[in-house]
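Observations on the three-dimensional arrangement
These are the residues of each chain, in order.
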Amino acid sequence: MRKPILLIATFVFAFSLSAQKAMLVIHGGAGTITRASMTAEAEAQYRAGLEEALHKGHAVLAKGGSSLDAVEAAIRVLEDNPLFNAGKGAVFTHEGRNELDASIMDGRTKGAGSVAGVTIIRNPITAARAVMEKSPHVMMVGRGAELFATKMGLEIVDPSYFWTERRWKSLQQELLKEQASANPDKKFGTVGAVAVDSKGNLAAGTSTGGMTNKQFGRVGDAPIIGAGTYAENESCAVSATGHGEYFIRWTVAHDIAALVKYRGMSVAEASNEVIHKKLAPVKGEGGVIVLDAKGNFAMTFNSEGMYRGWIGADGVARVEIYK
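Residues numbered from 1 in each chain as written. Predicted model: local features only at pLDDT ≥ 70, side-chain atom pairs only at ≥ 80, totals over all residues. Heavy atoms only, no water.

Attention now moves to the side chain of Asp197. Along the chain, Asp197 turns up in the loop between β5 (191-196) and β6 (202-208). Nearest to the buried, unbridged Asp197 among oppositely charged side chains is Lys199, at 7.0 Å. In terms of polar contacts, Asp197 uses its side chain to reach the backbone amide nitrogen of Asn201, at 3.0 Å. (Helix = DSSP H or I, 4+ residues; strand = E, 2+ residues; numbered from the N terminus. Buried < 20%, exposed > 50% of the residue type's maximum accessible area, 1.4 Å probe, protein only. Lys, Arg positive; Asp, Glu negative; His and termini not counted. Salt bridge = Lys/Arg side-chain N within 4 Å of Asp/Glu carboxyl O. Polar contact = N/O pair within 3.5 Å; in protein donor to acceptor, adjacent residues only side chain to side chain.)

Below, the structure is given as structure tokens:
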């Protein structure tokens, strides 16, 4: 008699499509996200924001557009939405500034671009793509990145554009905790997208405002290729969200891709290996979205929740928030 098989949930969702069918997967950050801490109105707003990003990216893919275009389009929507910690909704540094980071990678060519510590670029993901396509470099930071974006004709805004009352109050709360010698800050969040287009080409992108009350020029994993973002057609596309210092040291995005490429793991197996078996034991909190060229994807996290969603050839946006 065959023994019964016990299935254990690991908060990974995998879905499969043929290589000719396009797919887009997004995240809006991971962290302490529970039903108890969320009002019905707030949840509806988050879901609407994620769905808007999914539909925007899907519209690109449905017209035969590239995965790069879809990733950029989806992330721009999230950057313009003050609910998410990227662009308009960026958190404040210890000095009361909004400093933005972003990166993007082309899975077909392994071309990549990123910006870090920028303060006047409305859509950092577009600046990251400009670095990839219109410069000989991979990363530009601070004033240099801003000058480059200005030269490229990207939309420049006054730093006050990024000010939101909700994020400002979050900073004040963290400063009070700091004075009281509270636990280290865990207020982080990121947005990201991975896509495969009708030609089977992958792309990944990530954008963030960093951590609330972050110190003196701190840069997290989002703009670092191989840590917060990675894409190659031979393995998968990855966008990460969480406590960046851990994602940098464990080179999370590339590690997942390497497990897929060299050990033949599925995207679900590889993301589970890194997020649950490598990061969780050292208290590295966060999650990833991962997609391969055949349309298999996983959304894996070890935090209380992760804003996430996906849309395939049927054009139906599916969104999840909690475990």
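Having seen it, we continue.
If you walk through the whole model with that rule in mind, you get eight aromatic pairs. With 5.0 Å between their ring centres and 80 degrees between their planes, Phe92 and Trp168 make a pair best called edge-to-face. Of the two residues, Phe92 sits in the loop between α2 (67-79) and β2 (100-106) while Trp168 sits in helix α5 (residues 165-179), which places them 76 residues apart along the sequence. Overall, the relative accessible area of 1% leaves Phe92 in the buried class. Of the residues examined, Trp168 reaches a relative accessible area of 31% and is grouped as partly exposed. Seen from the ring of Tyr161, Lys88 lies directly overhead, with NZ or CZ sitting 4.6 Å from the centre. Seen from the ring of Tyr246, Arg249 lies directly overhead, with NZ or CZ sitting 5.0 Å from the centre. (Phe/Tyr/Trp six-rings, centres within 6.5 Å; stacked < 30°, edge-to-face > 60°. Lys NZ or Arg CZ within 6 Å of the ring centre and 35° of its normal.)

Turning our eyes to something else, we now look at the nonpolar core. Residues Leu24, Ile26, Met38, Phe84 and Tyr307 are the most contacted members of the largest nonpolar core, which totals 53 residues. When residues in this core are grouped by element, the largest group, eight residues, is from α2. Ignoring sequence-local partners within four residues, the contact set of Phe84 consists of Gly28, Tyr46, Gly49, Leu50, Leu78, Gly89, Ala90, Arg167, Val191 and Tyr307. Membership of the second largest hydrophobic core comes to 41 residues, among which are Val25, Met105, Leu259 and Trp310. (Core = buried A, V, L, I, M, F, W, Y, C linked by side-chain atoms within 4.5 Å. Contact = heavy atoms within 4.5 Å.)

Function cannot be read off these values alone, since they describe shape.
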